[in-house]
Amino acid sequence: MNFLTKSRKLFSVSNQLHRFLATKPEDLKKLVDNNKVVVFMKGNPEQPRCGFSNAVVQIMRMHGVKYDAHDVLSDEEMRQGIKEFSSWPTIPQVFINGEFVGGCDILLQMHQSGDLIEELEKVGIKSALLDDSKPKDDKK
């Protein structure tokens, strides 16, 4: 076996080990604690690969929320691991301040009711919708 073949095999084993280690509960906990808002989704914010993930991206965009996104389609172990970690069977999954909030339906309900604005405020994030809702005073 030549050096290049050995390197490729080692790289492949290393990638498999990394994916396995990244799905351990303590590693998933580190991911959800890494930012105030974390989304596990299909695809990425620039190119969501399912309608539910796209809806979550659009809600976050409307609120002007910066968040960490993790594409579960690129890592099957993470996809299964996050479902076990949260005890929630579907993707996307949204975490705020390290706590599981829910998926697309729950986030949409929170957005519609105004509860999402309150949850974001609890972690120090001001929704961009608050800026848009204030009447503009044109008179000076």
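Numbers given for residues are sequential positions, taken from 1 along each chain in its written order. This being a predicted model, a pLDDT of at least 70 is required before a residue's local features are given, and a value of 80 or more before pairs of side-chain atoms are given or counted; all residues contribute to the totals for chains, interfaces and linings. Excluding hydrogens and water, the side-chain values take into account all heavy atoms of the structure.

Here we look at the side chain of serine 86
- By the criteria applied, helices consist of DSSP H or I runs no shorter than four residues and strands consist of E runs no shorter than two, each listed in order from the N terminus. When you line up the elements, serine 86 lands in helix α4 (residues 76–86).
- Within polar-contact distance, the side chain of serine 86 engages the side chain of glutamine 93 at 2.7 Å.
- Two residues qualify as a contact provided that any one of their heavy atoms is within 4.5 Å of a heavy atom in the partner residue. Leaving out residues up to four positions away in the same chain, serine 86 has contacts with Gln93, Phe95 and Phe100. In protein, a polar contact requires one atom able to donate a hydrogen and another able to accept it; more generally it is a pair of N or O atoms within 3.5 Å, and residues adjacent in sequence count only if both atoms are side-chain atoms.

Describing the nonpolar core
- The definition of a nonpolar core used throughout is a set of buried Ala, Val, Leu, Ile, Met, Phe, Trp, Tyr and Cys residues joined through side-chain atoms within 4.5 Å. We call a residue buried when its accessible area falls under 20% of the maximum for its residue type, exposed when it is over 50%, and partly exposed in between, using a 1.4 Å probe and counting protein chains only. In terms of nonpolar packing, the biggest core is built from 18 residues, with Val37 and Met60 touching the most fellow members.
- Secondary structure elements with two or more residues in this core: β1 (37–41), α3 (51–63), β5 (93–96), α5 (104–113) and α6 (115–122).
- In terms of residue count, the dominant contributor to this core is α3 (four residues).
- Sequence-distant contacts of valine 37, that is, excluding residues within four places in its chain, are made with Met60, Val65, Lys66, Tyr67, Asp68, Phe95, Ile96, Leu120 and Ile125.
- Counting residues in hydrophobic clusters, the runner-up holds nine residues, among them Leu28, Val38, Phe40 and Val72.

Side note on the packing of aromatic side chains
- Aromatic pairing here means that ring centres of Phe, Tyr or Trp (its six-membered ring) are within 6.5 Å. Orientation follows from the plane angle: under 30 degrees is stacked, over 60 is edge-to-face, and everything else is tilted. A complete count under the given rule lists four aromatic pairs for this structure.
- Seen in terms of ring centroids, phenylalanine 40 and phenylalanine 95 are 5.8 Å apart; in terms of plane orientation they differ by 75 degrees. Their pairing is edge-to-face. Remark: phenylalanine 95 occurs in strand β5 and phenylalanine 40 occurs in strand β1; sequence separation between them is 55 residues.
- The class of phenylalanine 40 is buried, set by a relative accessible area of 0%.
- Overall, the relative accessible area of 2% leaves phenylalanine 95 in the buried class.
- Here the aromatic rings of phenylalanine 95 and phenylalanine 100 are separated by 5.4 Å at their centres, their planes lie at 55 degrees, and the arrangement is tilted.
- You can call phenylalanine 100 partly exposed: its relative accessible area is 25%.
- Ring pairing ties together the aromatic residues Phe40, Phe85, Trp88, Phe95 and Phe100, which thus form one cluster.

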